[in-house]
Amino acid sequence: MSKPVSLGLPAPRRRWAKLPRPPLAVALAALVLLALIGMAVFAPWFTHHAPQALAPALRLKGPSAEFWLGTDAYGRDLYSRIVYGARVSLTVGLGVAVFSVAIGLPLGLLAGYFRTLDALLMRVMDGLMAVPGILLAIAIVSLSSAGLATVMVAIMLPEIPQVVRLVRSRVLSAREEPYVEAAVLMGTSTFKLLARHLMPNTLAPLIVQGTYICASAILTEAILSFLGAGIGTETPTWGNIIAEGRLYFQLKPGLVLWAGLALSLCIVSINLLGDAARDALDPRMKKR
Amino acid sequence: MFAYFVRRVLAAIPVMLVVALFVFLLLRLSPGDPAAIIGGDMASPEQLAAIRQNLGLDRPLHVQFFVWLWQLLHGDFSTSLMAHTGVLSMIGQRLEPTLSLALVATALTVLVAVPLGVLAAWRRGSWLDHTVMSVSVLGFSVPVFVIGYGLTTLFALQLHWLPVQGFKSIFDGVGPFAYRIALPALTLASAHIALVARMTRASLLDVLGEDYIRTARAKGLGELAVLFRHALRNAWVPILTVIGSGFALMISGVVVTESVFNIPGLGRLIVDAVLARDYPVIQGMILLTSGVYVLINLLIDMSYAISDPRIRY
Amino acid sequence: MACEQAPLLQVENLRVATAEGRPILHGVSFHIQPGETLCLVGESGSGKSVASLATLGLLPKGALQVEGGTITFAGEALLGASARRLKALRGNRVAMIFQEPMTALNPVLSVGRQIDEVLCCHTRLDAAERRAKTLDALAQVHLPDIQRIYGAYPHRLSGGQRQRIMIAMALVLEPTLLIADEPTTALDVTTQQQILTLIRELQQRHGTAVLFITHDMGVVADIADRVCVMHQGQVVEQGAAAQVLGQPRQAYTRQLLAAVPALAPRAPRAAGSAQVVLDVVELSMVYPGPRRLLRRSPGTCAADQVSFNLTRGRTLGIVGESGSGKSTVARCLMRLLTPSAGAVRVTGKDISELSAAGLKPHRKRIQMIFQDPNRSLNPRRSIAQSLIEGPMNYGIDRAEALTRAQRLLELVGLPADALGRYPHQFSGGQRQRIAIARALAMEPDVIVADEAVSALDVSVQAQVLELLDGLQQRLGVAIVFITHDLRVAAQLCDEVLVMRRGQVVEYGTAAQVLGAPQHTYTQQLMAAVPGKAWDFSAAARS
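Conventions and cut-offs
- Residues numbered from 1 in each chain as written.
- Chains lettered and ligands numbered in written order.
- Predicted model: local features only at pLDDT ≥ 70, side-chain atom pairs only at ≥ 80, totals over all residues.
- Heavy atoms only, no water.
- Domains from an automatic or database assignment.
- Contact = heavy atoms within 4.5 Å.
- Buried area = accessible area lost by both parts, 1.4 Å probe.
- Salt bridge = Lys/Arg side-chain N within 4 Å of Asp/Glu carboxyl O.
- Polar contact = N/O pair within 3.5 Å; in protein donor to acceptor, adjacent residues only side chain to side chain.
- Helix = DSSP H or I, 4+ residues; strand = E, 2+ residues; numbered from the N terminus.
- Nonpolar A, V, L, I, M, F, W, Y, C, P; charged D, E, K, R; others polar.
- Phe/Tyr/Trp six-rings, centres within 6.5 Å; stacked < 30°, edge-to-face > 60°.
- Lys NZ or Arg CZ within 6 Å of the ring centre and 35° of its normal.
- Buried < 20%, exposed > 50% of the residue type's maximum accessible area, 1.4 Å probe, protein only.
- Core = buried A, V, L, I, M, F, W, Y, C linked by side-chain atoms within 4.5 Å.
- Axes fitted to C-alpha atoms, helices over the stretch in contact; angles between N-to-C directions.
- Left-handed = near helix turned anticlockwise from the far one by under 90°.

**A closer look at the domain arrangement of chain C**
Residue and element names in this part refer to chain C. By the assigned domains, chain C splits into domain 1 (1-93 + 175-181 + 207-257), domain 2 (97-174) and domain 3 (312-338 + 346-541). The interface of domain 1 with domain 2 comprises 12 residues on the first partner and nine residues on the second. Taking both sides of the interface into account, the surface hidden between domain 1 and domain 2 amounts to around 830 Å²; carbon and sulfur atoms contribute 60%. When the buried area of domain 1 at its contact with domain 2 is split by residue, P175, L178 and D181 rank highest and sum to 51% of it. Viewed at the interface, domain 2 and domain 1 are joined by zero salt bridges. Our count for the domain 1 to domain 2 interface comes out at four residue pairs in polar contact (both at pLDDT 80 or more). Those elements that provide at least two residues to the side of domain 1 that touches domain 2 are α2 (83-89) and β7 (177-181). Class assignment of the residues belonging to the side of domain 1 that touches domain 2 gives a composition of six nonpolar, three polar and three charged.

**Describing the packing of aromatic side chains**
For the coordinates displayed, the defined rule picks out eight aromatic pairs over all chains. Consider the rings of F155 of chain B and W161 of chain B, whose centres lie 5.8 Å apart with planes at 40 degrees: the pair is tilted. Counting every residue linked through ring pairs, the aromatic cluster contains F24, F65, F66 and W68 of chain B. For R175 of chain A, the ring lying beneath its charged end belongs to Y113 of chain A, and the centroid distance is 4.9 Å. Seen from the ring of Y394 of chain C, K360 of chain C lies directly overhead, with NZ or CZ sitting 5.3 Å from the centre.

**Quick word on helix α13 (residues 383-393) of chain C**
Where burial is concerned, most of α13 of chain C is hidden: nine out of the 11 residues are buried. Burial in α13 of chain C covers these residues: I383, A384, S386, L387, I388, E389, G390, P391 and N393 of chain C. Buried residues along α13 of chain C sit against α7 (178-185) and α8 (190-227) of chain A together with α12 (356-363), α14 (398-411) and α15 (428-441) of chain C. G395 of chain C, located one to two residues past α13 of chain C, shows a positive phi value of around 85 degrees.

**Notes on unusual backbone geometry**
Residues and elements named next belong to chain C. The phi angle at D145 is positive, at roughly 50 degrees, despite the residue not being glycine. Here D145 lies in the loop between α4 (127-140) and α5 (146-151). The class for D145 is partly exposed, based on a relative accessible area of 47%. Backbone geometry places E443, a non-glycine residue, at a positive phi of 50 degrees. Tracing the backbone through its elements, the reader meets E443 in the loop between α15 and β17 (446-450). Under the relative-accessibility criterion, E443 is labelled partly exposed at 44%.

**With respect to the interface of chain B and chain C**
Chain B puts 23 residues into the contact, and the matching count from chain C is 28 residues. Across the chain B/chain C interface, buried area totals approximately 2400 Å², and carbon plus sulfur atoms make up 60% of it. The largest contributions to the chain B side of the interface with chain C come from R214, K219 and P309 of chain B, which together make up 25% of the buried area. Here R229 of chain B ties to E117 of chain C by a salt bridge, and the two come within 2.5 Å at their closest N and O atoms. For the pair chain B and chain C, the interface holds 13 residue pairs in polar contact (both at pLDDT 80 or more). When residues of the side of chain B that touches chain C are traced back to their parent elements, those giving at least two are α1 (2-29), α9 (211-218) and α10 (223-261) of chain B. Here the element with the most residues in the side of chain B that touches chain C is α9 of chain B; it accounts for six residues. Residue composition of the side of chain B that touches chain C, grouped by class: seven nonpolar, six polar and 10 charged.

**Side note on the environment of L99 of chain B**
Mapping L99 of chain B onto the fold places it in helix α5 (residues 87-122). For L99 of chain B, a relative accessible area of 47% puts it in the partly exposed group.

**Side note on the environment of T233 of chain A**
Locating T233 of chain A in the fold gives a position in the loop between α8 and α9 (238-245). Setting aside its immediate chain neighbours within four residues, T233 of chain A contacts R76, R81, N240 and E244 of chain A.

**Observations concerning the side chain of E181 of chain A**
With respect to the secondary-structure elements, E181 of chain A resides in helix α7. Exposure remark for E181 of chain A: the relative accessible area of 11% places this residue in the buried category. Those residues in contact with E181 of chain A, other than ones at most four positions away along the chain, are R175 and E176 of chain A together with R331, L336 and F370 of chain C.

**Quick word on the nonpolar core**
Within the largest apolar cluster, 172 residues are counted, with the highest numbers of intra-cluster contacts made by I138, L224, F226 and W238 of chain A together with F145, L204 and Y279 of chain B. Contacts of F226 of chain A, omitting those with residues within four sequence positions, involve G239, I242, A243 and R246 of chain A together with F145, Y149, V256, S259 and V260 of chain B. Listed in part, the 91 residues of the second largest apolar core include C39, V50, I115 and F536 of chain C.

**Brief notes about the packing of helix α7 (residues 144-158) of chain B against helix α8 (residues 174-208) of chain B**
Residues and elements named next belong to chain B. With their axes 9 Å apart at the nearest point, α7 and α8 run at an angle of 145 degrees to one another. Read as a crossing pair, α7 and α8 show a hand that is right-handed. Contact residues: α7 offers V144, I147, G148, L151, T152 and F155, while α8 offers L183, L186, T187 and S190. Taken together, the residues that form the contact of α7 with α8 break down as six nonpolar, four polar and no charged.

See below:
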């Protein structure tokens, strides 16, 4: 039977507890992001037009009480399309961040710990990194159907090597630490060694990296949609709203700029949160 | 030094092999008949049979790979579906606008970002530093096309200073060339400027904390000598790295910028290829850009070896 | 020594605080006469380095700032002097050398160029004159082949050579004051001795005053004219060296002096048991060389046929300078490295070629204590978790492991409630005690301590050494004690093995090896120990 041994002692240092009050920009970024997430999840509550509802009679109308941001070339409500577009962007951002970390973390741990595996795995990762991500994504999307899953895989694939490299470098430096060697000398199994002593070292930078991946995935998805290599136009995304609006850009810049604004706000907010997380969690990376 | 160079060149070969293998597997493992993808929707059964023969689709996978690799090494990047010409010659025709755009953007980046980063690091914590840092977040967060359309709205539609789109070769005169490349180059460079300025600042701050900087100050050197002779020379390596690894970013930027400004370069070629499902062109572009990426990083590694006396074996 | 002359440097009531307002120096005062050597001595955190950096206005910007006091150099107030004026003084009238010669020189500039810069910036000499003067400065610090050194980059030079370069750079303009911040701490003893001799020689030749910052009482005894003892940001005691070291007035000074281990070997102990727990036979370790284009260049032999044995309850000291291979031997004993040849028998079983799985049952027989107390415990795991990990790996249940951990903490002199805390809540010395408890939790027959007290302040070091000695008498564990410090070895070890470039130079009882060294290298090492002529224990008793 195990009994708790420590009583009335100061709690272990919690980094979060030591966080200073966040600066205004970070608080704003968090608010913007929360608002976007709320709008995406509860999109029907925020809009009163279906994003696909065509009204050819109402093409390219200006902003009005009915259509807050006006209508597009097919008479669809631009505001509704932008609200629904947040769903795709946020799903892609979150999904890519979570999956690339979930896949990259174990690969990085293994590469950092087993030297023989390392040489092979890192050659593969070097090769993957040499392929410009956008071209890889374009190739994957153009080879198969352009569904949400395909787009996510296509965006995720070039991000994984970044995660693997980060985790690997952390493991390589952590395994030199005397406390890791002490654990080896105490007969700790490889699995426990990785889980207890090596993996915790990688988590803080991974949270930061995950945030940046989220932002970059949203950006890439928008570019793919913009280039016509993304999700089909029946599902509104910020990228394909802009792609469709381009044709009328000189006539009605709002068709491009409103969605662009939403996209930019979203990515700036995530990057700002990433910077804040980095400063709070990992002072060593602070100066980047 | 020579041995080091040879070793670095040799180390690039497996990377390119992995890239080739990857591109190869992408096509073979994707749903659908590779021959139909290569041949396009309009191919006749005879054409498809010829393509199958050429790819060796009846043979085992590894044999197919080496057959394909052999063709690549002989410059056979297969034929474009849109233009019915060889992929390589097609890429060659579109090279100039892209190269001009990329070079002007890179020059702009180095000229703007490095001094900004140096200033921000030197005056750390000042309003200048804060401004550079916050504007740089915007710079790499706002998508290239949004920046492009924003700049166009301002400088072309409102102020009428610059044209909305188009491209003129530098061989048609520097004036017209500069007039048309200004907005696209600025658009393309914006994300880069942000990244490089940040990296310059970070790298310089790292170096400014080093012992030898304290030594230099203890010698009584002036701030400028400390900053340029001692700090920047050591901070240069990570800055070069970010400029080099920014190449991938440059590619996506080029693709988008050329679309926004209607420039007939490689980026437009890619977009047209995507719309026409012209896989041979996409494949050729991937192989080519990966090769250039590996080459650029090779050159950067070698420049370290030349500039840093510690790397010399 | 009456102060008839005006002091060259006078620091009065200097107060320095962090940017958050936490005071670092609480009103520090000291002065230096022209041509004399003042030692600022103190343990880590005493503020001795901060005091020296403040003198030249080199405190890290934004982290530390001067709150008050005056600093006067040759009649001129330095606090409040313009940046331009300070720049003109630095490197010219006041020069500085630092602790880490490995990082204090710019890696991408040749050393000649770096000395040349000082001349460029403070004189109007032309290029040829500057070169001649630089070469002369290099010759004065007794560097060989000065023409080649002039164009060499720092990474090609040894630590001692780099510190000579730093000294040449500092003294090239014959400053009246040299501030030396722990300039020999990172160097081996023999190199340290050479550098100290060099500083003294140049000081006498040019009449330079030296402000010498150190933590090492031995060095103080060797070079100081006057001593200023600092503790927690305050000057505890200052006066002539003979007085402070011989008849210290303050309890803190006496305590510092008492903690310096004596150089005389400990009294021989009767062997308690004849059981050989560690038997090392012709252990060799060759590190493979870097890969060349087609072949591997020849490897470096870090340990060459090292043999020794150790019986239960005894302590063997392995001493040597950096690069002697002593740490390689330790890592081979622990099988953190697989030796190239030879046998390591732990209680009779050769572990040198066992596989990872085969090794596990024998791991617990031999445990290690590491050098750096900041890194030897996992910062994210509580002390309890760290202490029970090993026993639980060997099938002991959690409750029993916890009871054992609690007992061990008492044994190493820590309160039982330490179990629930985390490493950062303890001082370096306490953490080293925890590391000892962790090693003991495995109930090993042998403990390998690799520079286990080298990172600790001298007073803490004395306590940990005492603890190790006491534990050994109680538990009968054998200790392999690896150290570069002959004083520590003399105090703790029954047998001593001296290594140099991977080879055993001398091996025997402590009384033989340290008391009457036979090999010239051992004799050199003994001769280089700073403060060897001074009896610190006598001073502490007074």
